[in-house]
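Residue strings, one per chain:
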Amino acid sequence: MPDFGIVDTHLHIWDPYELRYPWLDDIPLLNKKYLLEDYRQATADLTIERMVFLQCEVAFDQFLDEARWVAGVAREDPRIEGIVAWAPLEQGEAAAEALDQLVEIPQVRGIRRIIQFEPDPEFCLQPAFVEGVRLLERYDLSFDICIKGDEQFANTLELVHRCPNVQFILDHIGKPDIAGGVLDPWRAQLRELASFDNTTCKVSGLVVEADMQNWTPEDLRPYLDTVFDTFGFDRVTFGGDWPVVLQAAEYREWVAALDLVLEGTSEDERRKLYRDNAIGFYRLDP
């Protein structure tokens, strides 16, 4: 386990009694309160130095409420230094109204408008959506990419090509089919994404993409090796993906599996993954 402070770049907390999360209806394990106190218990034997909250697909009309609620939690625990909020980027220039309100929240560092759940694989290439993503440069906000499937990945590569002045981070290493042991074309698409110098890869959520009941660290190894070989240790960050990770593992189990694959790497490389790169990408207090 890391013997230094970790920056967790993928924290979720929610309270379904306060805000509406429609996707939780079908997942009984997750369809309850998961609050910061629960996270503290889950990570009690690790030193979590800072956290970045990721939007949780709250009902879209409550996206500002969610960001403001998390900012309130951050007043209780200032380790929450970053918030990646939802915004209606598909509105193009009109999304500026939402962004104007979001950047009034001091912790907001980026936007995630999930592409994965869109039935149209070309959703992210609609002109208005591309315009909305380009807006982020104006606000000094990054974009978290959340996709699943080869076609979505291919179209996302074109989105990144069209938005050269926006910083992108790929959540969950692009959600390859780890359960099926499928490496291609994900591997080639990841390499193409890494060819853009405005991209970073987030090492998070891997156990959920594996066989959630029977995964082993060795199942993750070829995917993690590909990420580190492709992006190097200067453009990767760690994410706990709690509590979503609980579908497959306890937080500590996920970190232990990652540590096993990291055997043989230097302390400097591990610090970059677990801490330093996150501070730079999400512009946290140095």
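Refer to the preceding data block for the structure.
The shown structure was predicted, so the numbers you read here are calculated from the model rather than taken from an experiment.

### Here we look at the layout of surface pockets
Considered as a void within the structure, the largest pocket measures approximately 380 Å³ in volume. Lining the largest pocket are 22 residues, and of these Trp-23, Gln-116, Phe-117, Lys-175 and Val-244 sit closest to its centre. Gly-149, Asp-150, Lys-175, Pro-176 and Asp-177 are, among the 14 residues lining the second largest pocket, the residues nearest its centre.

### A short note on helix H8 (residues 217-231)
Taking 1.5 Å of rise per residue, the 15 residues of H8 would be expected to cover 21 Å, and the 20 Å separating its terminal C-alpha atoms lies within 8% of that figure. Its maximal kink placed at Tyr-223, H8 deviates by approximately 30°. Buried within H8 are the following residues: Leu-220, Tyr-223, Leu-224, Thr-226, Val-227, Phe-228, Thr-230 and Phe-231. At its buried positions, H8 is contacted by helix H6 (186-194), strand S7 (199-203), helix H7 (206-209), strand S8 (236-238), helix H9 (251-261) and helix H10 (267-281).

### Observations concerning the sheet that holds S8
Pairing in this open sheet of eight strands is parallel, and the strands run S1-S2-S3-S4-S5-S6-S7-S8 from one edge to the other. The open sheet has two edge strands, strand S1 (6-11) and S8, and neither has a second partner. If you compare each strand with its neighbour and ignore which way they point, the axes differ by 30° on average. Relative to S7, H8 is tilted by about 155°, and along the sheet it contacts S7 and S8.

### Let's talk about the pairing of strand S5 (residues 142-145)
The alternating pattern of S5 places Ser-142 and Asp-144 and Phe-143 and Ile-145 on opposite faces, both of which are buried. Bridge count for strand S4 (residues 108-111) against S5 is two bridges, and the pairing is parallel. When the sheet's bridge partners are listed, Gly-110 is paired in S5 with Ser-142. For the crossover from S4 across helix H4 (residues 127-139) to S5, the handedness is right-handed. With three bridges joining them, S5 and strand S6 (residues 168-170) adopt parallel strand pairing. Note that in S6 the partner of Phe-143 across the bridge is Phe-168.

### Overview of the side chain of Gln-107
Along the chain, Gln-107 turns up in the loop between helix H3 (96-102) and S4. A relative accessible area of 14% means that Gln-107 is categorised as buried. Not counting chain neighbours up to four residues away, the residues in contact with Gln-107 comprise Ala-71, Ala-74, Ile-80, Glu-81, Gly-82 and Ile-83.

### So, the packing of H8 against H9
The N-to-C vectors of H8 and H9 enclose an angle of 60°; their axes lie 9 Å apart at closest approach. With respect to their mutual orientation, H8 and H9 come out oblique. Viewed along their axes, H8 and H9 form a crossing whose handedness is right-handed. Residues Pro-217, Leu-220, Arg-221, Leu-224, Asp-225 and Phe-228 of H8 form the contact with H9, whose own contacting residues are Trp-254, Ala-257, Leu-258, Leu-260 and Val-261. In terms of residue class, the contact of H8 with H9 is made up of nine nonpolar, no polar and two charged.

### Quick word on the nonpolar core
Phe-143, Leu-159, Val-203, Leu-220, Phe-228 and Leu-258 are the most contacted members of the largest nonpolar core, which totals 99 residues. Per element, the largest residue contribution to this core is seven residues, and it comes from helix H2 (residues 63-76). Counting 10 residues, the second-largest nonpolar core is a separate cluster that includes Val-52, Val-84, Ile-279 and Tyr-282.

### Structural notes on the packing of aromatic side chains
This model, assessed by the stated rule, comprises 18 aromatic pairs. Ring geometry for Tyr-34 and Trp-242: centres 5.5 Å apart, planes at 85°, overall edge-to-face. Of the two residues, Tyr-34 is situated in the loop between S1 and helix H1 (36-42) and Trp-242 in the loop between S8 and H9; the sequence distance between them amounts to 208 residues. Look at Tyr-34 and you get buried, because its relative accessible area is 6%. Classification of Trp-242 as buried rests on a relative accessible area of 2%. Considering the side-chain rings of Phe-238 and Tyr-251, the 6.3 Å spacing of their centres and the 75° angle between planes classify their relative orientation as edge-to-face. Taken as a pair, Phe-238 in strand S8 and Tyr-251 in helix H9 lie far apart in primary sequence, 13 residues in all. Comparing Phe-238 with Tyr-251, the two get one shared label, buried.

### Topic: a negative patch on the surface
Together, Asp-120, Glu-122, Asp-150 and Glu-151 line one region of the surface with negative charge. Secondary-structure assignment places Asp-120 in the loop between S4 and H4. We classify Asp-120 as partly exposed; its relative accessible area is 36%.

Criteria and cut-off values
Residues numbered from 1 in each chain as written. Predicted model: local features only at pLDDT ≥ 70, side-chain atom pairs only at ≥ 80, totals over all residues. Heavy atoms only, no water. 1 Å grid on protein atoms, 1.4 Å probe; cavity = no way out; pocket = protein on both sides within 12 Å on 5 of 7 lines; lining within 4 Å. Points joined across faces, edges and corners; volume = space filled by probe spheres on them. Helix = DSSP H or I, 4+ residues; strand = E, 2+ residues; numbered from the N terminus. Expected span 1.5 Å × (residues − 1). Bend = angle between axes of the 7 residues up to and from the residue. Buried < 20%, exposed > 50% of the residue type's maximum accessible area, 1.4 Å probe, protein only. Contact = heavy atoms within 4.5 Å. Pairing = 2+ DSSP bridges. Axes fitted to C-alpha atoms, helices over the stretch in contact; angles between N-to-C directions. Right-handed = clockwise from strand over helix to strand, strands pointing away. Parallel < 35°, antiparallel > 145°, perpendicular 65-115°, else oblique. Left-handed = near helix turned anticlockwise from the far one by under 90°. Nonpolar A, V, L, I, M, F, W, Y, C, P; charged D, E, K, R; others polar. Core = buried A, V, L, I, M, F, W, Y, C linked by side-chain atoms within 4.5 Å. Phe/Tyr/Trp six-rings, centres within 6.5 Å; stacked < 30°, edge-to-face > 60°. Patch = residues over 30% accessible without salt bridge, like charges linked within 9 Å, V, L, I, M, F, W, Y side chains within 5 Å. Areas by Shrake-Rupley, 256 points an atom, 1.4 Å probe, with all protein chains shown as cover. Salt bridge = Lys/Arg side-chain N within 4 Å of Asp/Glu carboxyl O. Lys, Arg positive; Asp, Glu negative; His and termini not counted. Charge placed at Lys NZ, Arg CZ, Asp CG, Glu CD.

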